[in-house]
Amino acid sequence: MSHVQAGKRQKTRDARTENVDYFQGIERIEYNNMATATDTAYYRHYNSGEKILSKDMEEWLKYSVSFTEFKYDGSDAQGRPTFNRQWDDHTNTVDNCKRCIRAFYDFCTKLGVKYWTAFDSDLVPQTDNWDENKSNWDEITDYITELVQKTQIKLLWMAPDLHSHPRYASGAFTSNEAITFVQAASQIKKCLEVSQRLNAECFLLWPYREGYDAVFQTDVAREIKLFAKLLKITAEYRDRLNYKCQLLLMPYQSFGRNCRTIDMWRPRCDFDSDTLNRYMWDVTSCLYFLKFHSLDRYYKVCTHPGQHMYLAGV
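All values derive from a computational prediction rather than experimental measurement. (Residues numbered from 1 in each chain as written. Predicted model: local features only at pLDDT ≥ 70, side-chain atom pairs only at ≥ 80, totals over all residues. Heavy atoms only, no water.)

> Mind laying out the overall build of the chain, listing which residues take part and the relevant values?
A count of helices and strands for the chain gives 10 helices and 12 strands. Taken across its 314 residues, the chain has 43% of its residues classed as buried. If you sum the accessible surface of the chain, you get close to 17,600 Å²; carbon and sulfur atoms cover 51% of it. (Helix = DSSP H or I, 4+ residues; strand = E, 2+ residues; numbered from the N terminus. Buried < 20%, exposed > 50% of the residue type's maximum accessible area, 1.4 Å probe, protein only. Areas by Shrake-Rupley, 256 points an atom, 1.4 Å probe, with all protein chains shown as cover.)

See below:
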């Protein structure tokens, strides 16, 4: 990554970003227990204000919308983008990111959802210049802060994207390249700082790339040690920031192998390999790993209810 000094970008307001209703004709979705199955503009079962054991339902079930999925362009390993969104011109610019974020907040407002999630690479245009990245992050963070104050729609969790860039092809936490390990640590550090500024309730790590193809080509013990080391450094830095968030570790199989959601998080032109052994394959492997390295006091496992959680309980 280059550290060449870059000129500071002038903060501007894009006319296409402000005062544009991207969802004209769609009213805010409200609860109506009298609605029928054909009334798709109402919540029939979820009443956010209903009291259950002295808490509102929205406190028990913190539904969130994924910004990663919102920006999904319909492409896959075999095809080009198929979704044409009026707020997204597919350019790698700050203005385009702002338009997407503004449209996303309008979308959440219509749904009445109060939480959202995102990977860092979805929020800012990534460059190879350190100063430019920092400037982009500052501008986007200030913009999101303004929207949070206006709408009260908060960030549930934020995660560093440690799987899409080519440098992480052989892993981020467990890479045998020192520069890759340092870049991963730097990305986690910046993402954690931004997460604190946006007051996210949780900070997520998804070790998608951490694994090996053949045991005779891999020093597994060394890689596991590196993995635990970076997780511990992350937890210690969170404490140094005095950031009261919950650290989460999400296993590879959290969303199921054939689930469309996980496919959108994967790098383009990726493919499943049954021979690849992943360190964080399921909930059980995550729990044993955290317990063995005394990291269970910092991290919780992020997964949905189902088979993996049941097996871990057994």
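> Report on the environment of K98, specifying residues and quantitative values.
With respect to the secondary-structure elements, K98 resides in helix α3 (residues 94-111). K98 sits in the buried class, given a relative accessible area of 8%. Here the alpha-carbon distance between K98 and Y143, two residues 45 residues apart in the chain, equals 7.6 Å.

> Tell me about the packing of α3 against helix α5 (residues 130-151), and name the residues and values.
Two elements in contact, α3 and α5, have axes separated by 11 Å at closest approach and are oriented at 20°. Overall, the two elements α3 and α5 adopt an arrangement that is roughly parallel. Helix-helix and strand crossings are classified by hand; for α3 and α5 the assignment is right-handed. Facing V94, C97, K98, I101, R102, Y105 and T109 of α3, the residues of α5 in contact are N136, E139, I140, Y143, I144, L147, V148 and T151. Classifying every residue of the contact of α3 with α5 by side-chain character gives 9 nonpolar, 3 polar and 3 charged. (Axes fitted to C-alpha atoms, helices over the stretch in contact; angles between N-to-C directions. Parallel < 35°, antiparallel > 145°, perpendicular 65-115°, else oblique. Left-handed = near helix turned anticlockwise from the far one by under 90°. Contact = heavy atoms within 4.5 Å. Nonpolar A, V, L, I, M, F, W, Y, C, P; charged D, E, K, R; others polar.)

> Let's hear about the packing of aromatic side chains: which residues, and what values?
Applying the stated rule across the entire model yields 20 aromatic pairs. Consider the rings of F70 and W87, whose centres lie 5.2 Å apart with planes at 10°: the pair is stacked. In this pair, F70 is assigned in helix α2 (residues 67-70) and W87 in the loop between α2 and α3, connecting sequence segments 17 residues apart. A relative accessible area of 8% places W87 in the buried class. Taking 5.5 Å as the distance between ring centres and 40° as the angle between the ring planes, the aromatic pair formed by F70 and F107 counts as tilted. Taken together, the positions of F70 in helix α2 and F107 in helix α3 put the pair 37 residues apart, joining distant regions of the chain. Here F107 falls in the partly exposed class, since its relative accessible area comes to 26%. Connected via pairs of aromatic rings, a cluster forms that spans Y22, F23, F67, F70, W87, F104, Y105, F107 and W116. Note that R167 overlies the ring of Y168, its terminal NZ or CZ placed 5.4 Å from the centroid. Between the NZ or CZ atom of R278 and the centre of the ring of Y208, over which it lies, the distance is 4.9 Å. (Phe/Tyr/Trp six-rings, centres within 6.5 Å; stacked < 30°, edge-to-face > 60°. Lys NZ or Arg CZ within 6 Å of the ring centre and 35° of its normal.)

> Which residues make up unusual backbone geometry, and what values go with them?
A positive phi angle is found at Q152, which is not glycine, with a value near 65°. Within the element layout of this structure, Q152 appears in the loop between α5 and β7 (154-159).

> Describe the nonpolar core, and please don't skip the residues or the numbers.
Note on soluble globular proteins: their nonpolar side chains tend to be buried together. Among the nonpolar cores identified, the biggest contains 63 residues, and W116, L123 and Y299 are the most heavily contacted of them. When near neighbours in sequence (up to four residues on either side) are disregarded, W116 contacts S64, V65, F67, F104, Y105, L123, I144, I153, K154, L155, L156 and W157. Residues F119, C202, W206 and Y208 belong to the second largest nonpolar core, which totals 12 residues. (Core = buried A, V, L, I, M, F, W, Y, C linked by side-chain atoms within 4.5 Å.)

> Residue-level account of the confidence of the model for the chain, with values.
Here the chain shows a mean pLDDT of 83. Residues at 70 or above account for 87%. Per-residue pLDDT, averaged within each element of the chain, yields its smallest value for helix α8 (residues 260-265) (45) and its largest for strand β8 (residues 202-205) (96). Contacts for the low-pLDDT stretch residues 1-7, under 50 throughout, to residues beyond four places or in other chains number 14 contacts. In this model, residues 256-275 is a region of pLDDT below 50 whose contacts with residues beyond four sequence positions or in other chains number 40 contacts. (pLDDT = per-residue confidence, 0-100.)

> Tell me about the environment of F227, residues and numbers included.
Among the structural elements, F227 can be located in helix α7 (residues 220-240). Classification of F227 by relative accessible area gives buried; the value is 0%. Along the chain, F227 and G171 lie 56 residues apart, while their C-alpha atoms are 9.9 Å from each other. Once you skip the residues sitting within four places of it in the chain, F227 turns out to touch F173, T174, P207, E210, Y279, M280 and F289.

> An account of helix α6 (residues 178-197) is requested, with residue identities and associated values reported.
Taking 1.5 Å per residue, 20 residues should reach 28 Å; α6 reaches 29 Å between its end C-alpha atoms and fits that length. Among the residues of α6, those classed as buried are T180, F181, Q183, A184, Q187, I188, C191, L192, V194 and S195. Immediately downstream of α6, the backbone of N199 shows phi near 60°, a positive value. (Expected span 1.5 Å × (residues − 1).)

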